[in-house]
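Now for the letters of each chain:
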Amino acid sequence: MVQFLGNPGATGEHIHMVTLDKTGKKSFGICIVRGEVKDSPNTKTTGIFIKGIVPDSPAHLCGRLKVGDRILSLNGKDVRNSTEQAVIDLIKEADFKIDLEIQTFDKSDEQQAKTDPRSNGYMQAKNKFNQEQAPNNNAGGGQGMGMGQGQSQGMGGVNRQQTMQKRNTTFTASMRQKHSNYADEDDEDTRDMTGRIRTESGYEIDRASAGNCKLNKQEKDRDKEQEDDFGYTMAKINKRYNMMKDLRRIEVQRDASKPLGLALAGHKDRQKMACFVAGVDPNGALASVDIKPGDEIVEVNGNVLKNRCHLNASAVFKNVDGDKLVMITSRRKPNDEGMCVKPIKKFPTSSDETKFIFDQFPKARTVQVRKEGFLGIMVIYGKHAEVGNGIFISDLREGSNAEIAGVKVGDMLLAVNQDVTLESNYDDATGLLKRAEGVVTMILLTLKSEESIKAEKEEAEKKKEEAKKEEEKPQEPATAEIKPNKKILIELKVEKKPMGVIVCGGKNNHVTTGCVITHIYPEGQVAADKRLKIFDHICDVNGTAIHVGAMTTLKVHQLFHTTYEKTVNLTVYRADPPELEKFNVDFMKKAGKELGLSLSPNELGCTIADVIQGQYPEIDNKLQRGDIITKFNGDSLEGLTFQVCYALFKGANGKISMEVTRPKPTLRTEAPKA
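Every value quoted in this text rests on a predicted model; they were computed, and no experiment measured them.

S.K.: Tell me what's going on with the overall build of the chain, and back it up with residues and numbers.
M.R.: Tallying secondary structure elements over the chain gives 17 helices and 35 strands in all. Classification of the 674 residues of the chain by burial places 47% in the buried group. Restricting the contact set of the chain to residue pairs at least 6 apart, pairs at least 24 apart contribute 68%.

S.K.: Run through the nonpolar core, naming residues and quoting values.
M.R.: Core analysis: the biggest nonpolar cluster contains 29 residues, and Ile 490, Met 499, Leu 532, Ile 538, Ile 546, Phe 560 and Leu 570 have the highest contact counts within it. When contributions to this core are tallied by element, the ones reaching two or more residues are strand 24 (487–493), strand 25 (501–504), strand 26 (515–520), strand 27 (537–541), helix 15 (553–561) and strand 29 (567–573). With 4 residues, strand 26 is the largest single contributor of residues to this core. Setting aside residues no more than four positions away along its own chain, Ile 546 makes contact with Cys 515, Ile 538, Cys 539, Asp 540, Val 541, Met 551, Val 556, Leu 559, Phe 560 and Thr 669. Core analysis: the next-biggest nonpolar cluster, separate from the first, contains 21 residues, Leu 260, Leu 264, Leu 325 and Met 327 among them.

S.K.: Could you give me a rundown of the packing of helix 9 (residues 310–319) against helix 12 (residues 426–435), with the residues and numbers involved?
M.R.: Any two packed helices are characterised by how steeply their axes cross, that is the angle between the axes, and by the distance between the axes. Put simply, helix 9 and helix 12 touch, their axes get as near as 9 Å, and they point 60° apart. As far as their axial angle goes, helix 12 and helix 9 are oblique. Our pair here, helix 9 against helix 12, has a crossing hand that is left-handed. On helix 12, the residues that touch Ala 315, Val 316, Lys 318 and Asn 319 of helix 9 are Asp 427, Asp 428, Gly 431, Leu 432 and Arg 435. Of the residues that constitute the contact of helix 9 with helix 12, the class distribution is 3 nonpolar, 2 polar and 4 charged.

S.K.: An account of helix 3 (residues 84–93) is requested, with residue identities and associated values reported.
M.R.: Along helix 3, the positions that sit buried rather than exposed are Glu 84, Val 87, Leu 90 and Ile 91. Angular distribution of buried residues about the axis of helix 3 spans 120°; they occupy a single face of the element. Phi turns positive one or two residues past the end of helix 3, at Asp 95, with a value near 60°.

S.K.: Help me get a handle on unusual backbone geometry, residues and values and all.
M.R.: The omega angle of the peptide bond from Asp 576 to Pro 577 is 5°, so this bond is cis rather than trans. If you trace the backbone, Pro 577 turns up in the loop between strand 29 and strand 30 (580–589). Within the chain, Asn 75 stands out as a residue other than glycine whose phi angle is a positive 50°. Looking at the element boundaries, Asn 75 is found in the loop between strand 5 (70–74) and strand 6 (77–78). For Asn 75, a relative accessible area of 40% translates into the label partly exposed. Despite not being glycine, Asn 542 shows a phi value in the positive range, around 50°. Within the element layout of this structure, Asn 542 appears in the loop between strand 27 and strand 28 (544–545). According to the relative accessible area criterion, Asn 542 is partly exposed, its value standing at 38%.

S.K.: Before we move on, can you summarise the side chain of Glu 299 with the specific residues and values?
M.R.: Assignment of secondary structure puts Glu 299 in strand 15 (residues 296–300). Although Glu 299 lies buried, it forms no salt bridge, and the closest oppositely charged side chain, Arg 240, sits 5.0 Å away as judged by the N-O distance. A polar contact of 2.6 Å, which involves the side chain of Glu 299, links it to the side chain of Tyr 241. When near neighbours in sequence (up to four residues on either side) are disregarded, Glu 299 contacts Ala 208, Ser 209, Ala 210, Tyr 232, Tyr 241, Val 304, Leu 305, Val 326, Met 327 and Ile 328.

S.K.: Before we move on, can you summarise the pattern of salt bridges with the specific residues and values?
M.R.: Enumeration over the complete set of coordinates arrives at 23 salt bridges. Among the salt bridges present, the one from Arg 248 reaches Asp 290, with a minimum N-O distance of 2.3 Å. Taken together, the residues Arg 248 in strand 12 (residues 247–253) and Asp 290 in the loop between strand 14 (276–280) and strand 15 connect sequence positions 42 residues apart. With a shortest N-O distance of 2.8 Å, Arg 332 and Glu 296 are connected by a salt bridge. Here Arg 332 is found in the loop between strand 17 (324–330) and helix 10 (355–360), whereas its partner Glu 296 is found in strand 15, with 36 residues between them in sequence. Taken as a pair, Arg 332 and Glu 296 share a single burial class, namely buried. Each of the salt bridges in this network shares a partner with another, and the network as a whole consists of Asp 246, Arg 248, Asp 290, Asp 295 and Arg 331.

S.K.: Tell me about the pairing of strand 20 (residues 388–396), residues and numbers included.
M.R.: Bridge count between strand 19 (residues 377–384) and strand 20: 8 bridges; the pairing is antiparallel. When the sheet's bridge partners are listed, Ile 377 is paired in strand 20 with Leu 396. Taking the residues between adjacent antiparallel strands as the criterion, strand 19 and strand 20 are bridged by 3 residues. Where strand 20 and strand 21 (residues 412–416) come together, 2 bridges link them in antiparallel fashion.

S.K.: Run through the packing of aromatic side chains, naming residues and quoting values.
M.R.: The description of two aromatic rings rests on the distance between their centres and on the angle between their planes. With the rule as written, the count across this model stands at 5 aromatic pairs. The interplanar angle of 45° and the centroid separation of 4.4 Å between the aromatic rings of Phe 632 and Phe 649 together place this pair among those described as tilted. In this pair, Phe 632 is assigned in strand 33 (residues 628–632) and Phe 649 in helix 17 (residues 642–651), connecting sequence segments 17 residues apart. Judged on exposure class, the residue Phe 632 and its partner Phe 649 are both buried. One aromatic cluster is present, built from ring pairs that chain together Tyr 203, Phe 230 and Tyr 232.

Reading the values: rules and limits
Residues numbered from 1 in each chain as written. Predicted model: local features only at pLDDT ≥ 70, side-chain atom pairs only at ≥ 80, totals over all residues. Heavy atoms only, no water. Helix = DSSP H or I, 4+ residues; strand = E, 2+ residues; numbered from the N terminus. Buried < 20%, exposed > 50% of the residue type's maximum accessible area, 1.4 Å probe, protein only. Contact = heavy atoms within 4.5 Å. Core = buried A, V, L, I, M, F, W, Y, C linked by side-chain atoms within 4.5 Å. Axes fitted to C-alpha atoms, helices over the stretch in contact; angles between N-to-C directions. Parallel < 35°, antiparallel > 145°, perpendicular 65-115°, else oblique. Left-handed = near helix turned anticlockwise from the far one by under 90°. Nonpolar A, V, L, I, M, F, W, Y, C, P; charged D, E, K, R; others polar. Arc of directions from axis to C-beta. Lys, Arg positive; Asp, Glu negative; His and termini not counted. Salt bridge = Lys/Arg side-chain N within 4 Å of Asp/Glu carboxyl O. Polar contact = N/O pair within 3.5 Å; in protein donor to acceptor, adjacent residues only side chain to side chain. Pairing = 2+ DSSP bridges. Phe/Tyr/Trp six-rings, centres within 6.5 Å; stacked < 30°, edge-to-face > 60°.

By themselves, these figures tell us nothing about what the structure is for.
So, in structure tokens, the structure goes:
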């Protein structure tokens, strides 16, 4: 189905619907990017565009999609203003079929370029998809000052990168060849990218690092470079950050006695996060490498800094183990949107990066704790309704310097010495605390007052006591709730009507340790009461203890078949988990000869209501009234209707195997006194 909007003959644009079904395929076969197309010198269209189509994929085989097409909606949801990740998530949630609303050009590119002046912008945009790298449309975060001697400064927000990608020329060539091997490769990496892993060299890196990037077969064949300690090759770096400009890998040997001499800054848009080089100290360790102001640092030693606040980068640099430092950077043009400050030329800088914390959190306080082997605190990464994610004090060692200094459980840790931990992860924060020596200055934020914390504790204790008293309080037998692993006295209204149960237990019975319900008839008074369940242990009836070891099976059954006037009192114990034994009964069933079992249905299978003696010796010796058959010839009977169960038993011949479930209660009734 093709739906035309407007006049396609005038503009060459039209909108049509395409349905892709990937049944039997690894993926739908489309690669997308968020970008923009310049319609004319004064107008442009932004949205989600198709940047690549995998050969022999559903997208390729349908013949109705091409590179540069704009996706307007996906499965009925408008995606014109959606982020690239949001659209990827929609595709992943769609299982095997997606419906796409596509905006494309009906005429050929050359003809359209001649007949429609608006086509110039489209053709240029399409060339960007196929040939050259388009300018970044970054949305990073923060503002900042320089960082002297390896320390970060500034503020940050959230970074979203919206760019048009340089298209791989080999991939373009493979699209022209129908029989390319690339069609057999899965171009989608759906692995979980949270957490950390170890490289073959033993270094711990982020799962989202370029060192963990997945290459397909053709990319591996082209990549002749040997992976370094962090799993890096330029092919993996370029694929992981394929929408960023001029990517570089910079390696330097670090001297512990010499500062890095790197000043960092955030994005000029405070709602975006990024880590930019604001300046390089000519006397620092990085003076001799290819790094300069304006470069964006996206990784260091397998730690991803992209979309993170530049303030956290300081902690990451300090926590990096070893003498080798490997950074991945993106070289920015001077006119690109980015760094919030002008390049820094004087080192060291003297500004204090923690000052903004008190502007953002007026109630924050500074606490100084002398570290004598340990600080006496434990921290945890968590989330608070008021301030969001962060590092919180989870425990204090009693009598420690931290407790004496006024640190409280629940405080949010905002900074350690000059390093901000406001948006740090757990590893970064604990690394700073471990490395800190002498008097450690911490900036803390108490989210609750001492009075409120004390009141909450008192309230919790009060509720606990009330619950305990309520539990110990005797319940009214007529309404008492049966609780697991506890004897409960209940009262049943019977009004001279049958109780409607089958029980196991008796000295001439296979169950000699207690009387247990194994079947409840739906028309009986027990079913009407709705409190008792199968496998409940009945300890006494109307105050008379049931000593099954001294009572015949008949006498035990009579207790539940007696017609009581109005009510009957039962002491019940419900074991959790149920006390049961399971065993198999195997025998040969002769054609035309009945099993000799009278059965009643329940939710677990079929209860044996009676056994006709003399039919099969194997049954006579092993089965009894109240046993539950839960499997028949390997098939579970649980949840089946009685008609289905009856048909199974009736039609079976030859070798029969039954799984039987029988109560095996703990002895809870004292033996009668002589």
